[in-house]
Each structure stands twice: as structure tokens, then as C-alpha cells.
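Single-letter residue listing:
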Amino acid sequence: MNVLEVIKSRRIIKKFKPEPIDDQLIVTWLQAASLAPNHRLTEPWEIIFIGPETRAKLNHKTNFGNAPVLMAVLSKHGASEAEREENAAATACFVQNFMLAAWSNGVGTFWSSIGANPKNRALLGVPDDYDIIGVFGVGYPEEVPDAKPRTPIETKIKHLP
Ligand SMILES: Cc1cc2nc3c(=O)[nH]c(=O)nc-3n(C[C@H](O)[C@H](O)[C@H](O)COP(=O)(O)O)c2cc1C
């Protein structure tokens with residue numbers, strides 16, 4: 001698949017096969033993710049792989065679609081609120097790179113916001129100077145949902161003189 005095909009076919013996956021993922025593949029996707037744009041080369045991202053014991057304690061209804069791999073992606077604050085926002089934006093680019101690289105190898109991602117829950121945050125041991133961008137299930141899809149339609153982009157564009 002070329003880049004556009006990967007972008008167009010990617011979906012958030014909510015049901016995974018139990019099949020494990022080769023560790024080296026995950027490293028390859030994380031390396032690709034780390035090529036994301038990031039202002040002042042702050043590289044604000046940190047990844048926590050969540051093992052079964054911790055996972056069982058997380059407050060989540062769906063068990064992340066039984067994804068075989070679960071990871072949290074954090075973004076370090078900056079010296080100011082503006083830098084914190086820039087870092088969060090850079091980490092979102094990191095995540096998108098990761099999702100697209102994985103998808104190009106047939107592996108899908110579930111994105112959960114449960115990190116916002118203070119209990120989950122404490123369980124994951126996230127320092128106060130980090131945002132949790134998401135908790136991600138990663139695995140081979142059992143089901144790939146249909147595309148969710150987007151608003152025609154023309155309605156989001158304006159031109160200034
Ligand atoms: C910041 C962010 C947080 C998200 N949190 C959740 C979540 O908590 N639960 C969930 O089911 N999906 C979550 N998603 C995934 C979106 O629901 C999903 O991208 C959207 O439904 C469009 O589906 P698609 O990505 O397959 O096109 C999140 C996505 C983003 C960017």
C-alpha cells in the first residue's frame with residue numbers, strides 16, 4: 001500500500017485476534033513514530049507497555065478488544081503552556097505515525113482516553129509533568145469496521161484575501 005492507501009484504509013480497531021506481534025515489528029513502528037515533527041526536537045513522547053497484572057487493574061469496560069499489546073503514550077510538558085501544547089501536538093503526530101506504520105503491516109490500533117481517569121493515571125505511575133495522550137491496544141484485527149464518513153473538507157476551508 002502507498003501512504004494514501006494506508007491513511008484511507010486505517011480504522012480504529014475494537015476486536016483483535018489473540019495472535020502476538022513480533023517485538024521487532026513494534027520497535028520498527030516506534031522508530032517510525034519517533035520521526036514525527038517536534039518543535040525544538042523535544043521528543044516529548046514516552047511509551048509504557050502495560051503488562052497483564054496492571055492491565056487487569058485498569059478501569060476499562062472492553063478490555064481493549066482483547067488486544068495482545070497494550071501501551072500508554074505520554075507527552076512531557078514543556079517550560080510553558082505553549083510548549084506543553086506543542087509537545088502534545090508532536091506526540092499526536094507520533095501516534096499517527098505509529099498507527100499508520102502498524103497498519104501498513106496489517107496491524108490495527110484501538111485508542112482509548114482512559115488515561116484521563118486519575119485512578120488509571122496513578123496506576124500507570126504517570127508523573128505530574130506528563131500528559132497521557134492515549135492508551136492503545138495493538139494487534140491483528142478480528143474485525144475491520146466500515147469507514148466512518150467525514151465532513152467534506154471543502155466545508156472546512158476558508159480563503160483570506
Ligand atoms: C484523542 C483521541 C481520543 C480517543 N479516545 C477514544 C476512546 O476513548 N474510545 C474510543 O472508542 N475511541 C477513541 N478514539 C478513536 C476515535 O473514536 C476514532 O478515531 C473515530 O471514531 C474515527 O474512527 P476511525 O479512526 O476508525 O476513522 C480517540 C481518538 C482520538 C484522536
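Above this text is the structure in question.
Residues numbered from 1 in each chain as written. Predicted model: local features only at pLDDT ≥ 70, side-chain atom pairs only at ≥ 80, totals over all residues.

### Concerning the overall build of the protein
Looking only at helices and strands, the protein has 5 helices and 4 strands in total. Taken from the N to the C terminus, the helices and strands of the protein come in the order α-α-β-α-β-α-β-α-β. Taking 15 Å as the expected radius of gyration for a compact globule of 161 residues, we find that the protein reaches 17 Å, a close match to that expectation. Across its three principal directions, the C-alpha atoms of the protein cover 55 × 40 × 30 Å. Relative to its full complement of 161 residues, the protein shows a buried share of 26%. Pairs at least 24 apart in sequence give 81% of the contacts found in the protein among residues at least 6 apart. (Helix = DSSP H or I, 4+ residues; strand = E, 2+ residues; numbered from the N terminus. Rg over C-alpha atoms; globule rule 2.2 N^0.38 Å. Buried ≥ 20, exposed ≤ 12 C-beta atoms within 10 Å, placed from the backbone. Contact = placed C-beta atoms within 7 Å.)

### Concerning the site of the ligand
Every residue lining the ligand is accounted for by Arg11, Ile12, Trp111, Ser112, Ser113, Gly134 and Lys148. Of the residues that constitute the shell around the ligand, the class distribution is 2 nonpolar, 3 polar and 2 charged. (Near = placed C-beta within 6 Å. Nonpolar A, V, L, I, M, F, W, Y, C, P; charged D, E, K, R; others polar.)

### Quick word on helix H4 (residues 81–104)
Helix length check: H4 (24 residues) gives 35 Å between terminal C-alpha atoms against 34 Å at 1.5 Å per residue, within 8%. Within H4, burial applies to Asn87, Ala90, Thr91, Phe94, Phe98, Met99, Ala101, Ala102 and Trp103. Looking at the buried positions of H4, the neighbouring elements they touch are helix H1 (3–9), helix H2 (23–33), strand S1 (45–49), strand S2 (69–76), strand S3 (108–112) and strand S4 (130–139). (Expected span 1.5 Å × (residues − 1).)

### A few points about the environment of His60
Looking at where His60 falls in the secondary structure, it is placed in the loop between helix H3 (52–57) and S2. Sequence-wise, His60 and Thr28 are 32 residues apart; in three dimensions their C-alpha atoms are separated by 28 Å. Each residue touching His60, except ones within four places of it in the same chain, is listed here: Ser112 and Ile114.

### Concerning the environment of Ala147
The residue Ala147 is located in the segment after S4 in this model. According to the C-beta neighbour criterion, Ala147 is exposed, with 10 such atoms within 10 Å. In this structure the C-alpha to C-alpha distance between Ala147 and Lys8, which are 139 residues apart in sequence, comes to 8.6 Å.

### Observations regarding the sheet that holds S3
The sheet built from 4 strands is open, its strands ordered S1-S2-S4-S3 with antiparallel pairing. At either margin of the open sheet sits one strand with a lone partner, and together these are S1 and S3. Adjacent strand axes in the sheet meet at a mean angle of 30 degrees when their direction is disregarded. Pairing of S3 with S4, which is carried by 5 bridges, proceeds in the antiparallel orientation. Each residue of the ladder has a partner; that of Phe110, found in S4, is Gly137. (Pairing = 2+ DSSP bridges. Axes fitted to C-alpha atoms, helices over the stretch in contact; angles between N-to-C directions.)

### A few points about the packing of H2 against H4
Relative to each other, H2 and H4 sit at 140 degrees, their axes nearing to 8 Å. Regarding the angle of H2 to H4, the classification is oblique. Crossing of H2 over H4 shows right-handed handedness. Residue-level contacts link Trp29, Leu30, Ala32 and Ala33 of H2 to Phe94, Asn97, Phe98, Ala101 and Ala102 of H4. Partitioning the contact of H2 with H4 into residue classes produces 8 nonpolar, 1 polar and no charged. (Parallel < 35°, antiparallel > 145°, perpendicular 65-115°, else oblique. Left-handed = near helix turned anticlockwise from the far one by under 90°.)

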